[in-house]
Amino acid sequence: MADFDSELDASGLNCPLPILKAKKALQGLASGQVLKIIATDPGSVKDFDSFAKQTGNILLSSGEEGGKFIFFMRKA
Amino acid sequence: MEGKKLAIIATKGTLDWAYPPFILGSTAAALGYEVQIFFTFYGLELLKKKMDLKVTSLGNPAMPMPMPVPVLMQALPGMQSMMTSMMKKKMKAKGVASVEELRELCQEADVGMIACQMTVDLFDYSPDDMIDGVEYAGAAAFFEFAGNADICMYI
């Protein structure tokens, strides 16, 4: 999962900022493009899953790397 | 969640209670909800250009304190300001957004903000003290939106 069009580093931010910043970043992308999101808020794991379900954007992957949470989301 | 609506009534004007309406409003908007927040009584503080929100442990024994402080001491002059600045410091350290930032995010996301005209008059507030884009209306206007809302909360 290395290909992405844009990256958002939401490290250090707490709920609901990672979601709100991701929403803004997705607005700048075209349909089908992929946003990589880095977050440190443990609540963001469930939140990005819920965000994708409710907005139609596709959560391609959700994982943890060296204490950070990495998400790849494809814009609907 | 296109087509869904969230209606919130915000009645509290302390730093801690300022968070729920702005967090839920901005998040719902990000999920595609149409959102309106109706501010009444002390909730009107959240619409002021210059917010000066405080937090207090008085009457709130559940508030975590770095050390136990007897209730009578909590009422001493300066204690409220001290607790407020400690709370703000802690929030910043934990990456919690400021109320100002969350309010801006709500405005950017077109969250509708309605000030209760009756309480604006009651407290002699002027629209000049309030942020731009606020509508002034009453209970009937709230129901026009809330009557069709999927979720309605009283905070």
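All of these numbers come straight from a predicted model, not from anything done at the bench.

A. Broad picture of the environment of B:Met65. Residues and elements named next belong to chain B. Topologically, Met-65 is positioned in the loop between strand S2 (34–39) and helix H2 (71–74). A relative accessible area of 27% means that Met-65 is categorised as partly exposed. For the pair Met-65 and Met-83, spaced 18 residues apart in sequence, the C-alpha to C-alpha distance is 8.9 Å. Non-local contacts of Met-65, meaning those with residues more than four positions away in its chain, are made with Ser-57, Gln-74 and Met-83.

B. Broad picture of the sheet that holds strand S3 (residues 112–116) of chain B. Residues and elements named next belong to chain B. With parallel pairing, five strands are arranged side by side in an open sheet as S4-S3-S2-S1-S5. If you trace the sheet from one side to the other, it starts and ends with strand S4 (135–137) and strand S5 (151–154), each paired once. When strand polarity is set aside, the average angle formed by the axes of neighbouring strands in this sheet is 20 degrees. Looking at chain direction, strand S1 (residues 5–10) and S5 are connected through four bridges and run parallel. Following the sheet pairing, Leu-6 is matched in S5 by Ile-151.

C. Structural context of the sheet that holds strand S3 (residues 58–65) of chain A. All names here are of chain A. Read across the sheet, four strands follow the order S1-S2-S4-S3 without closing on themselves; strand pairing throughout is mixed. At either end of the open sheet lies a strand with only one pairing partner, and these are strand S1 (6–10) and S3. In this sheet, adjacent strand axes meet at a mean angle of 15 degrees when their direction is disregarded. Direction of pairing for S3 relative to strand S4 (residues 68–74): antiparallel, over a ladder of seven bridges. Considered in S4, the bridge of Ile-58 is made with Arg-74. Against the sheet, helix H2 (residues 44–55) touches strand S2 (34–39), S3 and S4, its axis set at about 5 degrees to S4.

D. Quick look at the nonpolar core. Residue and element names in this part refer to chain B. Membership of the largest hydrophobic core comes to 55 residues, with the highest contact counts inside it found for Phe-22, Phe-39 and Leu-47. A per-element tally of this core places helix H1 (residues 15–30) first, with seven residues. Filtering out sequence-adjacent residues up to four positions away, Phe-39 remains in contact with Ala-10, Phe-22, Leu-44, Leu-46, Leu-47, Met-113, Ile-114, Ala-115 and Cys-116. Ranked by size, the runner-up nonpolar core spans nine residues in total, among them Ala-7, Phe-38, Ala-137 and Phe-145.

Calculation rules
- Residues numbered from 1 in each chain as written.
- Chains lettered and ligands numbered in written order.
- Predicted model: local features only at pLDDT ≥ 70, side-chain atom pairs only at ≥ 80, totals over all residues.
- Heavy atoms only, no water.
- Helix = DSSP H or I, 4+ residues; strand = E, 2+ residues; numbered from the N terminus.
- Buried < 20%, exposed > 50% of the residue type's maximum accessible area, 1.4 Å probe, protein only.
- Contact = heavy atoms within 4.5 Å.
- Pairing = 2+ DSSP bridges.
- Axes fitted to C-alpha atoms, helices over the stretch in contact; angles between N-to-C directions.
- Core = buried A, V, L, I, M, F, W, Y, C linked by side-chain atoms within 4.5 Å.

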